[in-house]
Amino acid sequence: YLSAGSGTKITLANSSDLQLSTSTTKAYSIWFNADAVGFSSFSRILLCKLQGLGGSATTDGFLMGINSSNQLIARVASDNGATTKFISGIGATISTGTWYMATLVTKVSTDSDTFKLFINTTEVGSTAGGGSSLSSDTRDLIIGNYDSGVQGAMPFDGKIGEFYVHSGTFG
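Because the structure is a prediction, the values reported are computed rather than measured.

Peer 1: For this particular structure, what's the right way to read the overall build of the protein chain?
Peer 2: When helices and strands are counted, the protein chain shows 0 helices and 13 strands. Per-residue burial over the protein chain gives 50% buried out of 171 residues. Sequence-distant contacts, at least 24 apart, represent 65% of the contacts inside the protein chain between residues at least 6 apart.

Peer 1: In this structure, what is going on with the side chain of Gln71? I would like to understand it.
Peer 2: Tracing the sequence through the fold places Gln71 in strand E6 (residues 71-78). Apart from residues no more than four positions distant in its own chain, Gln71 is found in contact with Gly65, Ile66, Ser88, Gly89, Ile90, Gly91 and Ala92.

Peer 1: Before we go on, may I ask you to explain the environment of Pro155 in this structure?
Peer 2: Mapping Pro155 onto the fold places it in strand E12 (residues 153-155). For the pair Pro155 and Leu46, spaced 109 residues apart in sequence, the C-alpha to C-alpha distance is 7.7 Å.

Peer 1: Would you mind showing me how to read the nonpolar core here?
Peer 2: Counting 29 residues, the largest nonpolar core has Ile30, Phe32, Leu47, Phe62 and Met64 as its most contacted members. The set of elements that each furnish at least two residues to this core consists of strand E3 (25-34), strand E4 (43-48), strand E5 (61-66), E6, strand E7 (83-93), strand E8 (99-106), strand E9 (115-119) and strand E11 (141-143). No other element matches the 4 residues that E3 contributes to this core. Once you skip the residues sitting within four places of it in the chain, Met64 turns out to touch Tyr28, Ile30, Ile45, Leu46, Leu47, Leu72, Ile73, Ala74, Ala102, Thr103, Leu104 and Leu117.

Peer 1: Just to check I follow, could you spell out the packing of aromatic side chains for this structure?
Peer 2: Under the counting rule described, the total for this entry stands at 3 aromatic pairs. Geometrically, the ring pair formed by Tyr28 and Phe62 is tilted, given 4.2 Å between the ring centres and 35° between the ring planes. Taken together, the residues span a long stretch of sequence, with Tyr28 in strand E3 and Phe62 in strand E5 at a distance of 34 residues. For Tyr28, a relative accessible area of 0% gives the class buried. When the centroid spacing of 5.8 Å and the interplanar angle of 90° are considered together, the rings of Phe32 and Phe156 count as edge-to-face. Taken as a pair, Phe32 in strand E3 and Phe156 in the loop between E12 and strand E13 (158-168) lie far apart in primary sequence, 124 residues in all.

Peer 1: Help me out: how do you make sense of the pairing of E6 in this one?
Peer 2: Look at any regular strand and the pattern is simple: side chains alternate between the two faces of the sheet. Of all 8 residues that make up E6, 8 are buried, and the element is covered over most of its length. Both faces of E6 are covered, namely the face carrying Gln71, Ile73, Arg75 and Ala77 and the face carrying Leu72, Ala74, Val76 and Ser78. Between the antiparallel neighbours E5 and E6 lie 4 residues, among them Asn70 with a positive phi of about 65°. Note: E6 against E7, 7 bridges, orientation antiparallel. Within E7, the position partnered with Val76 by the bridge is Lys85. Counted between consecutive antiparallel strands, the loop separating E6 from E7 contains 4 residues, among which Asp79 sits at a positive phi close to 55°.

Peer 1: Looking at this structure, how should I read the environment of Asn70?
Peer 2: Here Asn70 lies in the loop between E5 and E6. Remark: the alpha-carbon pair of Asn70 and Ala36, spanning 34 residues in sequence, is separated by 9.7 Å.

Peer 1: It is not clear to me how the pattern of salt bridges should be interpreted in this structure. Could you clarify?
Peer 2: Opposite charge on two side chains lets them pair, provided their charged atoms get close. Tallying each qualifying case throughout the model produces 2 salt bridges. A salt bridge links Lys159 to Asp35, with the shortest nitrogen-to-oxygen separation between them at 2.7 Å. With Lys159 in strand E13 and Asp35 in the loop between E3 and E4, this residue pair connects regions lying 124 residues apart in the sequence. For Asp35, a relative accessible area of 40% corresponds to the partly exposed category. Close ionic contact of Lys49 with Asp137 constitutes a salt bridge, the shortest N to O distance being 2.6 Å. You can see Lys49 sitting in the loop between E4 and E5 and its partner Asp137 sitting in the loop between strand E10 (122-127) and E11, a full 88 residues away along the chain.

What counts, and where the lines are drawn
Residues numbered from 1 in each chain as written. Predicted model: local features only at pLDDT ≥ 70, side-chain atom pairs only at ≥ 80, totals over all residues. Heavy atoms only, no water. Helix = DSSP H or I, 4+ residues; strand = E, 2+ residues; numbered from the N terminus. Buried < 20%, exposed > 50% of the residue type's maximum accessible area, 1.4 Å probe, protein only. Contact = heavy atoms within 4.5 Å. Core = buried A, V, L, I, M, F, W, Y, C linked by side-chain atoms within 4.5 Å. Phe/Tyr/Trp six-rings, centres within 6.5 Å; stacked < 30°, edge-to-face > 60°. Pairing = 2+ DSSP bridges. Salt bridge = Lys/Arg side-chain N within 4 Å of Asp/Glu carboxyl O.

Pasting the structure below:
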């Protein structure tokens, strides 16, 4: 497993398997155990395939992390970064010393419930998956850290066990 906290990260080269889709639903799942929570501000990043965060994305892509309220969060950007959707895992607090499986399920679509966030098997948020096009989802996927172009984000502090990507029909 990956033990992060000091800038450690794994970079997976961009591929169609990792990219968002307008035709297929994808699920990105990661097992993690936080060594620290209660951050004063910003988000600790578990997964990042997005450039730009502070209000406006500059590429298509996604990220998942833990916010300053110790909740799981996710963001999906489409339409060349012009459309961004955000979910916060309200009511599900992340604690230290516990293994969690976080899953982001998304399809870029204006249909309802095409962007969902789960902790273990519990859905903690859902909304429409955003815009209608993907033209710039070309960034590498970073596990345990963030892209240098993501403002207001910090590396994850803890352990990451496994990461999975699935595509198809869910639920």
